[in-house]
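Chain by chain, the residues:
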Amino acid sequence: MATAALARRLGASVKDAGAKKGSGWYSSHMAAASRAILERIPLVDFTLEIRDARIPISSAYEDLRDFPPSSRRIIVLNKTDLADRRQTKFLNFIQARVRELKKDDQLKYTTTIMLVGIPNVGKSSLANSLHQIGRISAAEKGKLKHTIVSPLPGETKDISSLKIGSHPNIYVLDTPGVLHPSILDVEMGSKLVLTGAISDSLVEECEIAEYFLSILNTSNEYKHWENLLAKEDEESSRDHKTNFGGNLEVELRRRKQYLTDHTQDFIVRDVRRTLFESISSFKGNLEDEKELSKLIKVQFIALQEAFHIPLGSAKDINHRVALKLLNLYRTGRLGHYTLDPIPRNAK
């Protein structure tokens, strides 16, 4: 399959980058964090393994494989709003596990929960969400601190403790993201870098964006945009008639002012339209790697206009297109995708 070939090529680049001493993803600080986390696991009451719902298998925390399954270990799927909603329902058993834990009559006065996971799966965001819940009932209202959240992998450097509740006292430990020192499965490597668990700087952003386009082009996600685009056109036409005159001129000035901001709704709409039309009109075989690559090249050229990128060298233009496209994918503006195959017997 053409998409699998692109995934293997990207994964091989990720694997090669990781093998370079001193420049890969497994730094000395990550190794130290891994040791510190392993030392604390037997000491905490609960371990919450945070995974990315888009890659529920590839984002597994490898170090936990050395520990036997336990009711004190809970797998939490984060970023479900970015995954294919139809394939995340099988993980509802997590809620049942939590209800069972509440029946435990051996709760101590102080309970400690440690969050673990690979980089950029949202551990710090979850810690802050628990913090917000704690602010409602904690005696120390206004005194509970936030943990820093960043869209970049590896920004959490140390294990931090946040108090999220009182009576009993409940603490959550937010930990740095840790990856395995080596990734043997090249397709797993491509998924990790596409979702942002591995820094884009290790490989070419254009290569990552090409992999995303191969996934989009061979999925049905773009078909959902047909009715959406028709509805947006209708609303735009209605607004155009309503705002004819001064208000329309203000709107046109606003659009001109934000032409370089790819997160603006009107630009996202143009990007969706560009991708929808390019895929719908393509007559080649998307299962053929050369044909798929031909479509992707056409899309990069068309996206230059959709993103309003000024003229420059082809390399610079493609790099800017890739950065903007990846941002829209990672923030859910271009659909929902589950990249790992879900086991048939999963419930």
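Residues numbered from 1 in each chain as written. Predicted model: local features only at pLDDT ≥ 70, side-chain atom pairs only at ≥ 80, totals over all residues. Heavy atoms only, no water.

## Details of the environment of Ala-19
For step 1, the next point in the chain: Looking at the element boundaries, Ala-19 is found in helix α1 (residues 2-19).
For step 2, the next point in the chain: Residue Ala-19 is classed as exposed on the basis of its relative accessible area, which comes to 66%.
For step 3, the next point in the chain: Separated by 163 residues in sequence, Ala-19 and Ser-182 have C-alpha atoms that sit 7.5 Å apart. (Helix = DSSP H or I, 4+ residues; strand = E, 2+ residues; numbered from the N terminus. Buried < 20%, exposed > 50% of the residue type's maximum accessible area, 1.4 Å probe, protein only.)

## Notes on the UniProt feature "binding site: GTP" (unreviewed entry) in the chain
For step 1, the next point in the chain: The UniProt record annotates "binding site: GTP" (unreviewed entry) at Asn-78, Lys-79, Thr-80, Asp-81, Asn-120, Val-121, Gly-122, Lys-123, Ser-124, Ser-125 and Gly-177.
For step 2, the next point in the chain: Mapped onto the elements of the fold, Ser-124 is located in helix α4 (residues 123-137).
For step 3, the next point in the chain: When you line up the elements, Ser-125 lands in helix α4. (UniProt positions renumbered as here; feature names shortened; annotations may be inferred.)

## Here's the deal with the packing of aromatic side chains
For step 1, the next point in the chain: Throughout the structure, instances matching the rule amount to four aromatic pairs.
For step 2, the next point in the chain: When the centroid spacing of 4.8 Å and the interplanar angle of 35° are considered together, the rings of Phe-212 and Tyr-329 count as tilted. Note that Phe-212 is positioned in helix α6 (residues 205-217) and Tyr-329 in helix α11 (residues 314-330), a separation of 117 residues in sequence. The exposure classification of Phe-212 matches that of Tyr-329, with both residues buried.
For step 3, the next point in the chain: Arranged with centres 6.1 Å apart and planes meeting at 50°, the rings of Tyr-222 and Phe-276 form a pair that is tilted. One end of the pair, Tyr-222, is in the loop between α6 and α7 (225-242); the other, Phe-276, is in helix α9 (residues 265-280), and 54 residues separate them in sequence. (Phe/Tyr/Trp six-rings, centres within 6.5 Å; stacked < 30°, edge-to-face > 60°.)

## As for the packing of α6 against α11
When two helices pack together, their arrangement is given by the angle between the helix axes and by the axis-to-axis distance.
For step 1, the next point in the chain: At a closest axis distance of 8 Å, the pairing of α6 and α11 adopts a crossing angle of 50°. Considering their axes alone, α6 and α11 lie oblique with respect to each other. Regarding α6 and α11, the two cross each other, and that crossing is left-handed. Two secondary-structure elements touch here, α6 through Glu-205, Cys-206, Ile-208, Ala-209, Phe-212 and Leu-213 and α11 through Asn-318, His-319, Ala-322, Leu-323, Leu-325, Leu-326, Tyr-329 and Arg-330.
For step 2, the next point in the chain: Looking at the contact of α6 with α11 residue by residue, the classes come out as ten nonpolar, two polar and two charged. (Axes fitted to C-alpha atoms, helices over the stretch in contact; angles between N-to-C directions. Parallel < 35°, antiparallel > 145°, perpendicular 65-115°, else oblique. Left-handed = near helix turned anticlockwise from the far one by under 90°. Contact = heavy atoms within 4.5 Å. Nonpolar A, V, L, I, M, F, W, Y, C, P; charged D, E, K, R; others polar.)

## Looking at the sheet that holds strand β3 (residues 110-116)
For step 1, the next point in the chain: Taken in spatial order, the five strands line up as β2-β1-β3-β5-β4 in an open sheet, and their pairing is mixed. Unpaired on one side and paired on the other, β2 (73-78) and β4 (160-165) mark the two borders of the sheet. Looking at each pair of strands side by side, their axes are set apart by 25° on average, direction ignored.
For step 2, the next point in the chain: Examined bridge by bridge, strand β1 (residues 46-52) and β3 share four bridges and lie parallel to one another. Considered in β3, the bridge of Glu-49 is made with Val-116. (Pairing = 2+ DSSP bridges.)

## A few points about α11
For step 1, the next point in the chain: Relative to the 24 Å expected for 17 residues at 1.5 Å per residue, α11 spans 24 Å between its end C-alpha atoms, a close match to the ideal helical length.
For step 2, the next point in the chain: Ile-317, Val-321, Ala-322, Lys-324, Leu-325, Leu-326, Leu-328 and Tyr-329 are the residues of α11 that are buried.
For step 3, the next point in the chain: Packing partners of the buried residues in α11 comprise α5 (186-194), α6, α9 and α10 (289-306).
For step 4, the next point in the chain: Just beyond α11, the residue with positive phi is Gly-332, at close to 80°. (Expected span 1.5 Å × (residues − 1).)

## Brief notes about the nonpolar core
Most often, soluble globular proteins keep nonpolar side chains buried together rather than apart.
For step 1, the next point in the chain: Core analysis: the biggest nonpolar cluster contains 78 residues, and Leu-194, Phe-212, Leu-216, Val-271, Phe-307 and Leu-325 have the highest contact counts within it.
For step 2, the next point in the chain: Take this core: its biggest share by element is eight residues, from α6.
For step 3, the next point in the chain: Both domains that meet at this core, namely domain 1 (27-174) and domain 2 (186-234 + 248-331), each give it at least three residues.
For step 4, the next point in the chain: Contacts of Val-271, omitting those with residues within four sequence positions, involve Leu-303, Ala-306, Phe-307, Leu-328 and Leu-334. (Core = buried A, V, L, I, M, F, W, Y, C linked by side-chain atoms within 4.5 Å. Domains from an automatic or database assignment.)

## Focus: the pattern of salt bridges
For step 1, the next point in the chain: According to the stated counting rule, one finds eleven salt bridges in the structure shown.
For step 2, the next point in the chain: A salt bridge links Arg-9 to Glu-289; the nearest nitrogen and oxygen atoms lie 2.8 Å apart. Residue Arg-9 is located in helix α1, and its partner Glu-289 is located in helix α10; the two are separated by 280 residues in the primary sequence.
For step 3, the next point in the chain: Put simply, Arg-330 and Asp-200 hold a salt bridge, and the shortest N to O gap is 2.8 Å. A residue pair is termed long-range when its members are at least 10 positions apart, and Arg-330 in helix α11 and Asp-200 in the loop between α5 and α6 qualify at 130 residues.
For step 4, the next point in the chain: Residue class for Asp-200 comes out buried when judged on its relative accessible area of 15%. (Salt bridge = Lys/Arg side-chain N within 4 Å of Asp/Glu carboxyl O.)

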